[in-house]
Amino acid sequence: MAFNTSALEKPAKYGTVKRSVLRNLLFSMLAFGLFVGLIFPPFARIILDTDKAYSPVFIFLCVLAGLLVGIFNFFIFRLLVSRELNLIQKGMHHVNVNIADAEVLEEDCVSECTLEITSADIIGDISLAFNSMTHEIFKRLELDGETRNFNSKLMHSVEIKDVSDTILTRMSAVVGAKAGLLYGGKAEKMQLFSHFGVDKTDGITSILADQFGPIEKALKSENILFYSKLDGWEWFSHSTPLGSFKPSSILLIPLMAKQQSVGLVVLACGIENLLPQQKKALETLRSFAAPNLDNSILHKKITELAAIDDLTNILNRRFGMRRLKEEYSRATRHGVPISAVMVDIDHFKDFNDTFGHNAGDAVLKMVASTLQDNLRAEDMVCRYGGEEFLLGVAGAGMNDSALITERIRRAIETNHIRWGNKHLSVTISSGIATYPVVRASVCEELITAADKALFAAKEFGRNQVTINDGAQILRFAELKLGETSEKE
């Protein structure tokens, strides 16, 4: 079906319309005046009982008087009514200019376009209807402008943190929410991506199960749900800077993309009812939010796949270095220590030559797993090279990182791998460098210092931990830190 673009063209001032209301009004009043002038002489003849009422002069004067009254009535009407109509036309012109320029109307334009109601008649009704129409146009343009700005912010970044924060901030502003959370991912196991007004130490779950009644209902119905009675919502008791509060109402906004749930916004509100215009605004916002959140989740998955070493299931060197640089920058900015640890499997080439590459792969997996098990979730571990690993231990000073690394060395030394009918084992050598003990100006200098310590560990006979204190290389035993340690 062809689209008629001519209907969108700017109309001519009057087009082909020949009718003029004011001209017709003038002709009507003149005709009425002529009619009055013609019927007045017979009335005068009856009332005055004189034949002079039929004289040509009297008839002429009556007709002239009728026409003059019609003309005066026309100009009085035009003076009074046209003035009001001109104000309406002026307001329409302001609205039209802003709509044509696709701009959000400002307060000064709103005042210019709003008419003062000065009469309690049809003119007043027209002015009132015009003000209502203008108000709706203002709200529509404002919503369109905010939606464009919202979509522009969403398109600015594909990072899930940025997208989630933008969605949560904008949606919470619509209802003036006191606190909010945004979960994303698969419906059966959504992760917490963004939150505000919430103290996570109060037991707010990081994984949202869809079996919780209202949440399951929102995700299945795909509708925005508003709850003002909060029985069964004890888990949503949050702490805010204003102290503990229990929200008056809860708003659930499912985010759907490709006919599947990709997220859920949970808002704690202080309102008792959700207004139609608020729901309409939220519907518009989520239509833009859902596909952008879906893209961010997909981007996160692709990034994670690109960052993970296929064999050991830990970060590869590229993304490990990026992560360590971020942690190093944060540590130097806040004045806290950070340690880089280089780990190398002893005699790994000989092990491969003796038992084969499959056995070597099993060893690499075991070492990577042991490293992860003995580090905190916020610490970094990556496969740096063939049999080399790099650790980033944030907040750990030289002694603490030495204890952690020694514990890892002992764990790997005692961890045997069953290979056929044999029990195989390996040892590791490790080198540590800690900022600010080592005065590294960039992250790479800290890694170089750790690598020097690792080289010294090999020179000392392998299967040991060495520490670079910036002036010399120390063995773990020389630190005299004791035989046991606790996990950070």
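None of the values given here were measured: they were computed from a predicted structure.

Thoughts on the packing of aromatic side chains
Phase 1 of the analysis: Under the criterion given, the structure shown has four aromatic pairs.
Phase 2 of the analysis: When the centroid spacing of 5.4 Å and the interplanar angle of 75° are considered together, the rings of F74 and F75 count as edge-to-face.
Phase 3 of the analysis: Taking relative accessible area as the criterion, F74 reaches 4% and is therefore assigned buried.
Phase 4 of the analysis: Ring centres of F351 and F355 lie 4.9 Å apart, and the angle between their planes is 45°; on these two criteria the pair is classed as tilted. Residue F351 and its partner F355 are located together in helix α9 (residues 348-355), separated by four residues, close to a single helical turn.
Phase 5 of the analysis: On the accessibility criterion, F351 (8% relative accessible area) is buried.
Phase 6 of the analysis: Here the basic side chain of R317 rests over the ring of Y384, its NZ or CZ set 3.9 Å away from the ring centre.
Phase 7 of the analysis: Seen from the ring of F460, R475 lies directly overhead, with NZ or CZ sitting 4.2 Å from the centre.

Overview of the packing of helix α4 (residues 122-156) against helix α7 (residues 276-307)
Phase 1 of the analysis: Where α4 contacts α7, the axes come no closer than 10 Å and their chain directions differ by 20°. Comparing the axis directions of α4 and α7 gives the class roughly parallel. Regarding α4 and α7, the two cross each other, and that crossing is right-handed. Where α4 approaches α7, its residues R140, L143, T147, F150, N151, L154 and M155 are matched on the opposing element by K280, A281, T284, L285, F288, A289 and N292.
Phase 2 of the analysis: Grouping the amino acids of the contact of α4 with α7 by side-chain chemistry returns eight nonpolar, four polar and two charged.

With respect to the layout of surface pockets
Phase 1 of the analysis: The space that makes up the largest pocket amounts to roughly 630 Å³.
Phase 2 of the analysis: Lining the largest pocket are 19 residues, with E159, I160, K300, T303 and E304 sitting closest to its centre.
Phase 3 of the analysis: Of all the elements, α7 adds the most residues to the lining of the largest pocket, at six residues.
Phase 4 of the analysis: When the residues that make up the lining of the largest pocket are grouped by side-chain class, the tally is six nonpolar, five polar and eight charged.

Some points on the sheet that holds strand β16 (residues 473-475)
Phase 1 of the analysis: Spatially, the six strands line up as an open sheet ordered β10-β11-β9-β14-β15-β16, and their pairing is mixed. The strands lining the two open edges of the sheet, one partner per strand, are β10 (380-383) and β16. Across this sheet, the average inter-strand angle for adjacent strands is 20°, counted without regard to direction.
Phase 2 of the analysis: Bridge count for strand β9 (residues 338-345) against strand β11 (residues 388-394) is seven bridges, and the pairing is antiparallel. Residue A340 lies in a different strand from β11, and its bridge partner there is G392.
Phase 3 of the analysis: Taken strand by strand, helix α8 (residues 317-334) contacts β9, β10, β11 and β14 (428-435), and its axis lies near 150° from that of β10.
Phase 4 of the analysis: On top of the sheet, helix α12 (residues 443-459) reaches β9, β11, β14, β15 (465-468) and β16; it is set at about 145° to β14, its chief contact.

Re the pairing of β9
Phase 1 of the analysis: Of all eight residues in β9, eight are buried; the element is thus mostly enclosed.
Phase 2 of the analysis: Judged by which residues are buried, β9 turns out to be covered on both faces: I338, A340, M342 and D344 on one side and S339, V341, V343 and I345 on the other are all buried.
Phase 3 of the analysis: Judged from the eight bridges that link them, β9 and β14 form a sheet pairing that is antiparallel. Within the sheet, the bridge partner assigned to I345 lies in β14 and is I428.

Regarding the pattern of salt bridges
Phase 1 of the analysis: Under the counting rule described, the total for this entry stands at 15 salt bridges.
Phase 2 of the analysis: A salt bridge links R323 to E327, with the shortest nitrogen-to-oxygen separation between them at 3.7 Å. Of this pair, R323 and E327 both sit in helix α8, four residues apart, which is roughly one turn of that helix.
Phase 3 of the analysis: According to the relative accessible area criterion, R323 is partly exposed, its value standing at 24%.
Phase 4 of the analysis: The class of E327 is buried, set by a relative accessible area of 17%.
Phase 5 of the analysis: For the salt bridge of E378 with R376, the shortest nitrogen-to-oxygen distance reads 3.8 Å.
Phase 6 of the analysis: Residue classification places E378 among the partly exposed positions, given a relative accessible area of 44%.
Phase 7 of the analysis: A network of salt bridges, in which partner residues are shared, links E406, R409, R410 and E413.

How each quantity is defined
- Residues numbered from 1 in each chain as written.
- Predicted model: local features only at pLDDT ≥ 70, side-chain atom pairs only at ≥ 80, totals over all residues.
- Heavy atoms only, no water.
- Phe/Tyr/Trp six-rings, centres within 6.5 Å; stacked < 30°, edge-to-face > 60°.
- Buried < 20%, exposed > 50% of the residue type's maximum accessible area, 1.4 Å probe, protein only.
- Helix = DSSP H or I, 4+ residues; strand = E, 2+ residues; numbered from the N terminus.
- Lys NZ or Arg CZ within 6 Å of the ring centre and 35° of its normal.
- Axes fitted to C-alpha atoms, helices over the stretch in contact; angles between N-to-C directions.
- Parallel < 35°, antiparallel > 145°, perpendicular 65-115°, else oblique.
- Left-handed = near helix turned anticlockwise from the far one by under 90°.
- Contact = heavy atoms within 4.5 Å.
- Nonpolar A, V, L, I, M, F, W, Y, C, P; charged D, E, K, R; others polar.
- 1 Å grid on protein atoms, 1.4 Å probe; cavity = no way out; pocket = protein on both sides within 12 Å on 5 of 7 lines; lining within 4 Å.
- Points joined across faces, edges and corners; volume = space filled by probe spheres on them.
- Pairing = 2+ DSSP bridges.
- Salt bridge = Lys/Arg side-chain N within 4 Å of Asp/Glu carboxyl O.

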